[in-house]
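# Results of the structural survey
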Amino acid sequence: MADRILVKKTYKLYVGGKFPRSESGQTLTFTDKKGKLVAAYCKSSRKDFRDAVLAASAGLKAWKAATPYLRGQILYRAAEMLEGRSAQFVEELQLQGMGKSAARKDVQQSIDRMVYYAGWTDKVGQLFSAVNPVASSHFCFTVPEPTGVVAALVGDAVGLSGAVEAACRLLAGGNAVILCGCAACPLSASSLGEVWHTSDLPGGALNILTGIPADLAETAGSHRAIDGVLGIGLDPAVEKSLQEAAADSLKRLSFVAEAPKSGSPYAIADFLEMKTTWHPVGV
Amino acid sequence: MSENPFINEPYAPAPESTKVAIKDVYGLFIENDFVPAEDGSTRETFNPANGKLISRVAEAGEADVDKAVQVARKAYDKTWSRMAPAERGKYLYRLARLIQERSRELAVLESMDGGKPIRESRDVDIPLVAAHFFYYAGWADKLDYAFPNRTWRPHGVAGQIIPWNFPLLMAAWKLAPALACGNTVVLKPAEFTPLTALYLAELVQEAEFPPGVINILTGGSTAGRAIVGHDAVNKIAFTGSTEVGKLIQRSLAGTGKPYTLELGGKAAHIIFEDAAIDQAVEGIVNGIFFNQGHVCCAGSRLLVQEGIADELMRKLEYRIQTLIVGDPLDKNTDIGAINNQPQCEKIQEFLKEAKEEGLELVDGGQDLPEQGFWCRPTIVKNAPQSSRIVREEVFGPVLAVQTFRNPDEAIEKANNTRYGLSGGVWTDKGSKIFKVTNAVQAGVLWANTFNKFDPTAPFGGYKESGMGREGGLHGLVPYVRLGD
């Protein structure tokens, strides 16, 4: 009896809670070290990015409106989903050339990072807020709010846990995210959408665009509905052109050379805005 | 005599009598010495209320900036970064005390050089300057508590550029946290208002700061560009226009140099039907006519709920007639001189355009002095969203008025701007305050009050109003480099 024909997966984008292909119809191929085709994945275009911005703007409303407790529940649910699918993710990372133990470690680290940030959603507010002891008869306090729609550009050498770090630190603060790039593990990045999709994350709060970050950097920098850009492991020339473009609408920018080894609430704070409110005290 | 029953007798003049010693020429303040510019350039500074020359100040060029930056670096390496933090704090306390002692002279000088009413420079600007130094002085030896679980160190030399609307207050907002965190500073005051910063330099001498810790370079855009572009400047802090802020962010691309920008605004001032109307009218007046409207967080867009629009506008139009426009040094003055000629022309241009658009303009009808730069308090009624007077920062005593029907529309209109510095809400209902202040995208929200400032209260913008916060614990963050 002949071997059963495998049903192979089509690796798609994740935009607005749906799994579209690139509107450009373009794909990139992932080949193993011997040059053998592993799979094709979407090469996101600038139009895909603009579509994702619309989705993210809609997703931001729902995500911002969610209570910090609910955001924590959803991030934790994503960790549960990834734990349940860890065999699939380890296998996929191996397909993309990683050794088994390294792949397992990367997936575990991704799960743990989700749990870490799940715990911060209802704590950063207190950590970064203040009641200001003003010298007048006012009750004055400062609280953080999400920056808005943030593009996270992930460089070619950054693994799955680095991409998860980028998404989680932004989501934990209440931002909507457009995660771009992930050339080291595009198949896993694509599959990550399925994890979030089954975690009750509002559609559009996280969007995943596989492809070449440099293709999207200019649009990410110049798009006026993008409020901030996070870059992990980008080429310095890409970083520079992004910063130049971003000055057109004064975006918040944060760049790190490589995926951080541990999470941090200060990383969340890079994309929080502090709002100070004054109330008179009196009758 | 006015027909306005509120003014049944004209006020007698009440000029401020404090004398302040002003030199004919000021040098650049480098290494605790006043020195002429390398190329000998100077710039004149005028009293905008009468157009008279007050003094001449040296005009810094690239060579001067380079010299000041080197000196600041040396002071950082040799003294300031090595000094016990508590000692750094004591210098700042000393400076705060000297400012308190000389507050009247500083207030007079501020009003002479910048045109703001003495009532404001005396009661708002200068007390806040002293308070700011006093507040950050105390942080100098407590910074380990400010950044839990992180290591921190100063950046080194901070380059700071400030505007002409609150000359000494902006200097204090910049200098105090930078110095408390252990940085040394090269500060450039605005070309129109150098004098109080130079008076402060004299107090720095008197406080016996180590030479080179505070350097003050008067000058224009050449000096500003040189500071931003200098390789040995480790941090940039800028307050000014959004346009220049964008140029700075662009020019710093690829340098890795940290920056904070406090830029323009077009704040919505939202008045709900259930507000205490008479108080709201006073709040609106304070929101837009404070400091001639030369305030980045001014409440320049009035949003009034339809049901009270007629009554509120009647009261507001009445109220602006009672404002006294005139001599900044008169204690009765509400609205002083427009700070400088280009700004006066810019405001007139906005008003001309609004008239050409067919908008209804109402002003207070005051007689204006013949000399100097002036603008009556002006209201632009029923301004459409597409109008430039609604979309752009006028930076003058000009209020654009729109109406709304319900809270959602108010929020929508308030947020329909590229700016996000401040906002105001007037209502008697607490839950409505929280809903609206949460929804307005701006860094500072005033509920049933407006234009309040305090050194402990973080201030700064969302969106194109800039990034970073000044004031409070949050205001320390821009002046340290954090490690793991």
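For the structure given in this document, a descriptive report is provided here.

For chain A, the helix and strand inventory stands at ten helices and ten strands. In terms of overall size, chain A behaves like a compact globule, its C-alpha atoms giving a radius of gyration of 20 Å where 283 residues would be expected to give roughly 19 Å. A total of 283 residues make up chain A; the buried ones form 53% of that total.

The secondary structure content of chain B amounts to 14 helices and 20 strands. Computed over the C-alpha atoms, the radius of gyration of chain B is 22 Å, within 12% of the 23 Å expected from 2.2 N^0.38 for a compact globule of 484 residues. Judged by the C-alpha coordinates and their principal axes, chain B covers about 65 × 50 × 35 Å. Expressed as a percentage of its 484 residues, the buried residues of chain B come to 58%. Considering only contacts within chain B whose residues lie at least 6 apart along the sequence, 72% involve residues at least 24 apart.

Next up on the list: the nonpolar core. Residues Ala152, Ala167, Ile178 and Leu179 of chain A together with Leu92 and Phe133 of chain B are the most contacted members of the largest nonpolar core, which totals 251 residues. If one sorts the elements of this core by residue count, helix α4 (residues 118-139) of chain B sits on top with twelve residues. Those residues in contact with Ala167 of chain A, other than ones at most four positions away along the chain, are Ala152, Val177, Leu179 and Leu206 of chain A.

To continue, consider the sheet that holds strand β12 (residues 268-271) of chain B. Reading across the sheet, the ten strands line up as β3(A)-β4(A)-β10(A)-β18(B)-β17(B)-β12(B)-β13(B)-β16(B)-β15(B)-β14(B) and stay open at both edges, with mixed pairing between neighbours. Each edge of the open sheet carries a strand with a single partner, namely β3 (130-132) of chain A together with β14 (360-363) of chain B. Looking at each pair of strands side by side, their axes are set apart by 20° on average, direction ignored. Two strands pair when backbone bridges link them, and β3 of chain A and strand β4 (residues 138-146) of chain A are joined in this way by three bridges, in the antiparallel orientation. Of the residues in β4 of chain A, the one forming a bridge with Asn132 of chain A is Cys140 of chain A.

Turning our attention to the interface of chain A and chain B. At the interface, 27 residues of chain A touch 31 residues of chain B. When residues of the side of chain A that touches chain B are traced back to their parent elements, those giving at least two are β3, β4, α9 (236-246) and β10 (272-280) of chain A. Tallying contributions element by element places β10 of chain A first for the side of chain A that touches chain B, with eight residues. Note: β10 of chain A against strand β18 (residues 444-447) of chain B, three bridges, orientation parallel. Residue Thr276 of chain A lies in a different strand from β18 of chain B, and its bridge partner there is Val444 of chain B.

With that settled, the discussion passes to the environment of Thr142 of chain A. In this fold, Thr142 of chain A is placed in strand β4. Taking the C-beta count within 10 Å as the criterion, Thr142 of chain A has 24 such neighbours and is therefore assigned buried. For the pair Thr142 of chain A and Thr277 of chain A, spaced 135 residues apart in the sequence, the C-alpha separation amounts to 6.3 Å. With sequence-adjacent residues up to four places away left out, Thr142 of chain A is seen in contact with Ser129, Ala130, Asn132, Met274, Lys275 and Thr276 of chain A together with Pro458, Gly472 and His474 of chain B.

This brings us to the packing of helix α2 (residues 85-101) of chain B against α4 of chain B. All names here are of chain B. Two elements in contact, α2 and α4, have axes separated by 8 Å at closest approach and are oriented at 165°. Classified by the angle their axes make, α2 and α4 are roughly antiparallel. Viewed along their axes, α2 and α4 form a crossing whose handedness is left-handed. Between α2 and α4, the contacting residues are Gly89, Leu92, Tyr93, Leu95, Ala96, Ile99 and Gln100 on the first element and Val129, Ala130, Phe133, Phe134, Tyr136, Ala137 and Gly138 on the second. The residue makeup of the contact of α2 with α4, split by class, is eleven nonpolar, three polar and no charged.

Positive phi, close to 50°, is recorded for Leu250 of chain A, a residue that is not glycine. As for its placement among the helices and strands, Leu250 of chain A is situated in the loop between α9 and β9 (252-256). The buried category is assigned to Leu250 of chain A, around which 24 C-beta atoms lie within 10 Å. Look at Asn32 of chain B: it is not a glycine, yet its phi comes out positive at around 65°. Accessibility expressed as a C-beta count within 10 Å gives 18 for Asn32 of chain B, which makes it partly exposed.

The subject of this paragraph is the environment of Gly204 of chain A. Residues and elements named next belong to chain A. Its location among the elements puts Gly204 in the loop between α7 (186-197) and β7 (206-210). Each C-alpha atom, one on Gly204 and one on Ala62, is 9.0 Å from the other, the two residues being 142 residues apart in sequence. With residues near it in sequence (within four places) discarded, Gly204 still touches Gly16, Gly17, Ala55, Ala56, Ala58, Gly59 and Ala176.

The subject of this paragraph is the pairing of strand β17 (residues 422-426) of chain B. All names here are of chain B. For β17, the tally of buried residues reaches five of five residues, placing the bulk of the element in the interior. Burial along β17 is two-sided: Ser422, Gly424 and Trp426 facing one way and Gly423 and Val425 facing the other are all buried. Here four bridges tie β12 to β17, and the two strands are oriented parallel to one another. For Ile270, the partnering residue across the bridge sits in β17 and is Val425.

All names here are of chain A. One can find Val7 in the segment before β1 (27-31). The class of Val7 is exposed, set by 5 C-beta atoms lying within 10 Å. Expressed as a C-alpha distance, the spacing of Val7 and Ala269, which sit 262 residues apart in the sequence, is 43 Å.

Another aspect to go through is the sheet that holds strand β8 (residues 228-232) of chain A. All names here are of chain A. Read from one edge to the other, the open sheet built from five strands follows the order β7-β6-β5-β8-β9, with strand pairing classed as parallel. Looking at strand neighbours, the two that pair on one side only are β7 and β9, the edges of this open sheet. Looking at each pair of strands side by side, their axes are set apart by 15° on average, direction ignored. Bridge count between strand β5 (residues 149-154) and β8: five bridges; the pairing is parallel. Of the residues in β8, the one forming a bridge with Ala151 is Val229. Helix-sheet contacts for helix α6 (residues 160-172) involve β5, β6 (176-181), β7 and β8, and the interaxial angle to β5 is about 165°. Along the sheet, α9 makes contact with β8 and β9, crossing β8 at roughly 175°.

Along an α-helix, a turn takes 3.6 residues, which lines up residues three or four apart on a common side. All names here are of chain B. Taking 1.5 Å as the rise per residue, helix α9 (residues 277-289) with 13 residues should run 18 Å; its terminal C-alpha atoms sit 18 Å apart, in good agreement. Lining the buried residues of α9 we find β12, β13 (301-305), α10 (306-321), β16 (398-404) and β17. Directly after α9, the chain includes Asn291, whose backbone phi takes a positive value near 55°.

A few words on α2 of chain B. Residues and elements named next belong to chain B. The terminal C-alpha atoms of α2 lie 25 Å apart, and with 17 residues this matches the ideal 24 Å at 1.5 Å per residue to within 8%. Turning to α2, its buried residues are Arg88, Gly89, Tyr91, Leu92, Leu95, Ala96 and Ile99. Seen end-on, α2 carries its buried residues on one side only, within an arc spanning 155°. For α2, the exposed residues set more than 90 degrees away from the buried face come down to Ala86 and Glu87. For α2, the elements touching its buried residues are α1 (62-80), α3 (103-114), α4, α5 (167-180) and α6 (195-206).

Time to look at the pairing of strand β2 (residues 37-42) of chain A. Residue and element names in this part refer to chain A. In the sheet, β1 pairs with β2 via five bridges, with the strands oriented antiparallel. Bridging from a neighbouring strand, Thr31 pairs with Leu37 of β2. Counting the residues between successive antiparallel strands, the hairpin from β1 to β2 contains five residues, one of them, Gly35, with a positive phi of roughly 85°.

Cut-off values and rules
- Residues numbered from 1 in each chain as written.
- Chains lettered and ligands numbered in written order.
- Predicted model: local features only at pLDDT ≥ 70, side-chain atom pairs only at ≥ 80, totals over all residues.
- Helix = DSSP H or I, 4+ residues; strand = E, 2+ residues; numbered from the N terminus.
- Rg over C-alpha atoms; globule rule 2.2 N^0.38 Å.
- Buried ≥ 20, exposed ≤ 12 C-beta atoms within 10 Å, placed from the backbone.
- Contact = placed C-beta atoms within 7 Å.
- Core = buried A, V, L, I, M, F, W, Y, C linked by C-beta atoms within 7 Å.
- Pairing = 2+ DSSP bridges.
- Axes fitted to C-alpha atoms, helices over the stretch in contact; angles between N-to-C directions.
- Parallel < 35°, antiparallel > 145°, perpendicular 65-115°, else oblique.
- Left-handed = near helix turned anticlockwise from the far one by under 90°.
- Nonpolar A, V, L, I, M, F, W, Y, C, P; charged D, E, K, R; others polar.
- Expected span 1.5 Å × (residues − 1).
- Arc of directions from axis to C-beta.

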